[in-house]
There are 2 protein chains.
Amino acid sequence: MKEVETLWDEVRELSLGSNSRIQRLDSPPTAVEFLREFVSQNKPCIINKANLHWPALSLWTQLSYLSKTLSSSLVSLHLTPNGRADSLVKHPSLDQLCFASAHVQQLPFDQALQLVLSTDSKAVAYLQQQNDCFRSEYSVLGSDCDEHIPWATEALGCYPEAVNLWIGNHLSETSFHKDHYENLYAVVSGQKHFLLLPPTDVHRLYIRHYPAAHYSYSQDMLDCALELEKPAIHVPWCSVNPYPSPETRETEMAKFPLFFNGPKPFECTVNAGEILYLPSMWFHHVRQSPDENGVTVAVNYWYDMQFDIKYAYFNFLQSIHYKSPHDPTLSEIECEDLGYDASVHNLRDEVRVDTLALNAVDAKQDNEDK
Amino acid sequence: MKEVETLWDEVRELSLGSNSRIQRLDSPPTAVEFLREFVSQNKPCIINKANLHWPALSLWTQLSYLSKTLSSSLVSLHLTPNGRADSLVKHPSLDQLCFASAHVQQLPFDQALQLVLSTDSKAVAYLQQQNDCFRSEYSVLGSDCDEHIPWATEALGCYPEAVNLWIGNHLSETSFHKDHYENLYAVVSGQKHFLLLPPTDVHRLYIRHYPAAHYSYSQDMLDCALELEKPAIHVPWCSVNPYPSPETRETEMAKFPLFFNGPKPFECTVNAGEILYLPSMWFHHVRQSPDENGVTVAVNYWYDMQFDIKYAYFNFLQSIHYKSPHDPTLSEIECEDLGYDASVHNLRDEVRVDTLALNAVDAKQDNEDK
């Protein structure tokens, strides 16, 4: 079905550019420009020097400032054995891939930060919680950043639905996924490295249902188990790891030819003081480089998206069964295929349950027992 | 392929509303509102009292004012035997449907207007030319209207590419088609009655290639011939007439079940003083009711559209071969099917050649001999 491949190319030719680069703006756009050139077109951009005026940019490079200011704060720490929360991993007893969430623990900030900094321990720690944590757990830092992004707020006609803080080290990475939000992602220190794919490339990520599991650490953090959710839950997730290890590279490329042989993802690095506009429904994979203190710090603003014709077109595209003629191994992926009905049903569920009370994973749950 | 039908419903459920009504605004939107709520979402609206301040609204109801002001102007008059230019008609010798364009004649305004008013003659006359005629043939009327629609110009970031004037009687109607422009359609006197279908309904209009022809009147206007273009040209056009005559109704409904059995078109009447925002790529069918002078007068502003992800999605959708299980007669339509390659090729051609020098029909030509 070459129509799908034509779509991948046409989106790039018409509006995104085929050089796989994200457009950079020298100064923040007006609300009208932002809407016309980016939101309406579902097109990402990076705004240089967008948040250089935030006190956070100088204050937060002193970790002692953060420790002092947050000395009485309990924060959510995500722990994984390898830095990969919300990603696919082979379950030891099932001998099958599952979707693994982090072990989440509430800790005093200083203790949590020490764990983020100790990159040689048994657990990789990541300070983050996608539940508006910046305005709850970290509310004492509020005045160090803008409460919202003024031109985005004016354009989108609402204040952010959630503002999240992320403090991690170089080991943490986020696997390919999409969010049902317009996302303004501001880097405060270090660098974030994004791989981006437009929603039109959905088939290239081989979204399939995987059994959900979570890491569970012992009290002393020396032992970690991967526990399947009970009752069983299946989560639709992107199957592709864009950076396979040298040993698995060949197998992965054979399993996911649409990804590895198709157009390159858009690649960009967002530096301290810059904001990435990550449009709703874009697939993104994130890695990071730390600053001289060993951490990458970012604040992202989630604004409600419009569930409009673009969203309806996406659902339609995703509902089309697409199998490339060069894709002989699709059926061999060790997971359940995401059929038409499941997909549409699930997407609608996502919209319904995507509230702040639930984190991104919960929102994508598809309880088989329902 | 029920996915296509799901798409029709989803666009209505998510954003347009399923009551088949077009949203009405009590006052013109700001540029930001217009972009956010309508352009970005590819969603029509009608703005009440949008152009009540135009001098045209009172001046043009006196036809003597128009005749006097335009006394030295040559204007383009479109002549057809039935009021249906750019529509499908059975060719007498071919015994096959063809796409018939009007006979276009340059006449002094007063003489042309008399022909529009004489609805009992052998020809139905329509003063219109979609080549920016308001700013060329009718430039002496320029100060009677706004040169552009300020909030639309600010939102879309450009001035109109073309401004067209339409003066017709109750017999003229425009068959279903779409334009590659954002359209702001202002009614000055009488009423315009629109049927609208979103781009996602493309399959419901059975776009097929038809041999192009044009009406040709004798000098005395008593004889009219329908002449096929030579060399032959085939034009992709919507096959559906939403108002079939009682005699043909049953056949038409059997031929085009996706149209007649699917969701109703959005129906709206635009009154003098009101502006319809008709988003790019929406299919529209137009009829009109005259004022007390016997004419309907309107001015429309075509602004450049963005060829963005929405446009790419549309091309993809159109390229999908869709045949409803309830559609046994599709292959019986007396015309060439619009196959995948032809469609994509043609759409790209449209973009390339869609300049002001060409009218809407020319822009859709697909010369078989190429």
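Residues numbered from 1 in each chain as written. Chains lettered and ligands numbered in written order. Predicted model: local features only at pLDDT ≥ 70, side-chain atom pairs only at ≥ 80, totals over all residues. Heavy atoms only, no water.

Engineer: Give a detailed account of the overall build of chain A, specifying residues and quantitative values.
Structural biologist: In terms of regular secondary structure, chain A is built from eleven helices and 20 strands. In chain A, buried positions account for 60% of the 370 residues. Of all intrachain contacts in chain A linking residues separated by at least 6 positions in sequence, the fraction that spans at least 24 positions is 84%. About 14,600 Å² of surface is accessible on chain A, with carbon and sulfur atoms providing 50% of the total. (Helix = DSSP H or I, 4+ residues; strand = E, 2+ residues; numbered from the N terminus. Buried < 20%, exposed > 50% of the residue type's maximum accessible area, 1.4 Å probe, protein only. Contact = heavy atoms within 4.5 Å. Areas by Shrake-Rupley, 256 points an atom, 1.4 Å probe, with all protein chains shown as cover.)

Engineer: Break down the UniProt feature "domain: JmjC" (unreviewed entry) in chain A for me, citing the residues and quoting the values.
Structural biologist: The sites that carry the UniProt feature "domain: JmjC" (unreviewed entry) are, in the present numbering, residues 125–318 of chain A. Counted over residues 125–318 of chain A, helix gives 15% and strand 41%. Its end C-alpha atoms are 34 Å apart. (UniProt positions renumbered as here; feature names shortened; annotations may be inferred.)

Engineer: I'd love a proper account of the packing of aromatic side chains, names of residues and values included.
Structural biologist: Geometry of an aromatic ring pair is reported as the spacing of the ring centres plus the angle between the planes. Under the definition given, this model contains 34 aromatic pairs over all chains. Judged by centre distance (5.2 Å) and plane angle (80°), the rings of A:Tyr185 and A:Phe194 are edge-to-face. Taking relative accessible area as the criterion, A:Tyr185 reaches 5% and is therefore assigned buried. Each ring, one from B:Trp8 and one from B:Tyr322, has its centre 5.9 Å from the other, and the planes form 85°; the classification is edge-to-face. Residue B:Trp8 is found in helix 1 (residues 2–16), and its partner B:Tyr322 is found in the loop between helix 9 (309–319) and strand 20 (336–337); the two are separated by 314 residues along the sequence. One exposure class covers both B:Trp8 and B:Tyr322, and it is buried. The rings of A:Tyr126, A:Trp166, A:Tyr185 and A:Phe194 are connected pair by pair, giving a single aromatic cluster. One residue, B:Arg204, lies across the ring of B:Trp8, its end atom 5.4 Å from the ring centre. Across the ring face of B:Tyr243, the terminal group of B:Arg287 is positioned such that the distance to the ring centre comes to 3.6 Å. (Phe/Tyr/Trp six-rings, centres within 6.5 Å; stacked < 30°, edge-to-face > 60°. Lys NZ or Arg CZ within 6 Å of the ring centre and 35° of its normal.)

Engineer: Would you mind going over the sheet that holds strand 3 (residues 74–80) of chain B in detail, with residue names and values included?
Structural biologist: All names here are of chain B. Taken in spatial order, the nine strands line up as 1-2-17-11-19-9-8-3-7 in an open sheet, and their pairing is mixed. Here the strands that pair on one side only, and so sit at the sheet edges, are strand 1 (23–25) and strand 7 (103–108). Each neighbouring strand pair of the sheet contributes to a mean axis angle of 25°, computed without reference to strand direction. Bridge analysis of strand 2 (residues 45–47) against strand 17 (residues 275–278) gives three bridges, and the strand direction is antiparallel. Paired with Ile-47 across the bridge in strand 17 is Ile-275. (Pairing = 2+ DSSP bridges. Axes fitted to C-alpha atoms, helices over the stretch in contact; angles between N-to-C directions.)

Engineer: An account of the relation of the copies chain A and chain B is requested, with residue identities and associated values reported.
Structural biologist: Least-squares fitting of chain A to chain B yields an RMSD of 0.0 Å, with the superposition described by an axial translation of 0.0 Å and a rotation of 180°. Put plainly, the chains are arranged around a two-fold axis. Of the C-alpha atoms belonging to chain A, the one lying closest to the rotation axis is found on A:Ser40, 2.1 Å away. (Least-squares fit on C-alpha atoms with pLDDT ≥ 70 in both.)

Engineer: Account for the interface of chain A and chain B, naming residues and giving values.
Structural biologist: Between chain A and chain B, the residue contacts involve 43 residues of the former and 43 residues of the latter. Across the chain A/chain B interface, buried area totals approximately 3,900 Å², and carbon plus sulfur atoms make up 63% of it. Among the residues chain A hides against chain B, the three largest losses belong to A:Ile309, A:Tyr313 and A:Phe316. Together they make up 19% of the total. Run the count over chain A and chain B and you get zero salt bridges. Looking at the side of chain A that touches chain B, the elements that each hand over two or more residues are helix 1 (2–16), helix 2 (31–39), helix 6 (150–156), helix 9 (309–319) and helix 10 (340–353) of chain A. When the residues that make up the side of chain A that touches chain B are grouped by side-chain class, the tally is 22 nonpolar, ten polar and eleven charged. (Buried area = accessible area lost by both parts, 1.4 Å probe. Salt bridge = Lys/Arg side-chain N within 4 Å of Asp/Glu carboxyl O. Nonpolar A, V, L, I, M, F, W, Y, C, P; charged D, E, K, R; others polar.)

Engineer: Break down the sheet that holds strand 4 (residues 84–85) of chain B for me, citing the residues and quoting the values.
Structural biologist: Residues and elements named next belong to chain B. Taken together, the five strands give an open sheet; going across it, the order is 4-10-18-12-16, and neighbouring strands pair in mixed fashion. Only two strands of the sheet have a single neighbouring strand rather than two, namely strand 4 and strand 16 (266–271). Strand direction decides the pairing type here: strand 12 (residues 191–197) and strand 16, joined by six bridges, are antiparallel. Residue pairing for strand 16: Gln-191 is matched across the bridge by Asn-271.

Engineer: Report on the pairing of strand 3 of chain B, specifying residues and quantitative values.
Structural biologist: Residues and elements named next belong to chain B. Extensive coverage of strand 3 is indicated by the burial of six of its seven residues. Pairing analysis gives six bridges linking strand 3 to strand 7, with the strands arranged antiparallel. Of the residues in strand 7, the one forming a bridge with His-78 is Val-104. In the sheet, strand 3 pairs with strand 8 (residues 124–128) via four bridges, with the strands oriented antiparallel. The residue bridging Thr-80 from the neighbouring strand is Val-124, located in strand 8.

Engineer: Could you give an account of the pattern of salt bridges, with specific residues and numbers?
Structural biologist: One pass over the full model with this rule turns up 14 salt bridges over all chains. Here A:Arg84 ties to A:Glu173 by a salt bridge, and the two come within 3.8 Å at their closest N and O atoms. Note that A:Arg84 is positioned in strand 4 (residues 84–85) and A:Glu173 in strand 10 (residues 173–177), a separation of 89 residues in sequence. Relative accessible area serves as the criterion here: at 36%, A:Arg84 is assigned to the partly exposed category. Note that B:Glu274 is salt-bridged to B:Arg24, the shortest N-O span being 3.1 Å. Taken as a pair, B:Glu274 in the loop between strand 16 and strand 17 and B:Arg24 in strand 1 lie far apart in primary sequence, 250 residues in all.

Engineer: Any chance you could break down the packing of helix 9 of chain A against helix 9 of chain B for me, citing the residues and the numbers?
Structural biologist: Contact geometry of helix 9 of chain A with helix 9 of chain B gives a least axis separation of 10 Å together with a crossing angle of 40°. Classed by the angle they form, the pair helix 9 of chain A and helix 9 of chain B counts as oblique. Here the hand of the crossing between helix 9 of chain A and helix 9 of chain B comes out left-handed. Across from A:Ile309, A:Lys310, A:Tyr313, A:Phe314, A:Phe316 and A:Leu317 in helix 9 of chain A, the residues of helix 9 of chain B making contact are B:Ile309, B:Lys310, B:Tyr313, B:Phe314, B:Phe316 and B:Leu317. (Parallel < 35°, antiparallel > 145°, perpendicular 65-115°, else oblique. Left-handed = near helix turned anticlockwise from the far one by under 90°.)

Engineer: Give a detailed account of the packing of helix 2 of chain A against helix 2 (residues 31–39) of chain B, specifying residues and quantitative values.
Structural biologist: Axis separation between helix 2 of chain A and helix 2 of chain B bottoms out at 9 Å; the angle between their running directions is 25°. As the angle between them shows, helix 2 of chain A and helix 2 of chain B are arranged roughly parallel. Note on packing geometry: the crossing formed by helix 2 of chain A with helix 2 of chain B is left-handed. Contact with helix 2 of chain A, carried on its side by A:Ala31, A:Val32, A:Leu35 and A:Arg36, involves B:Ala31, B:Val32, B:Leu35 and B:Arg36 of helix 2 of chain B and no other residues of that element. A breakdown of the residues in the contact of helix 2 of chain A with helix 2 of chain B according to their chemical character gives six nonpolar, no polar and two charged.

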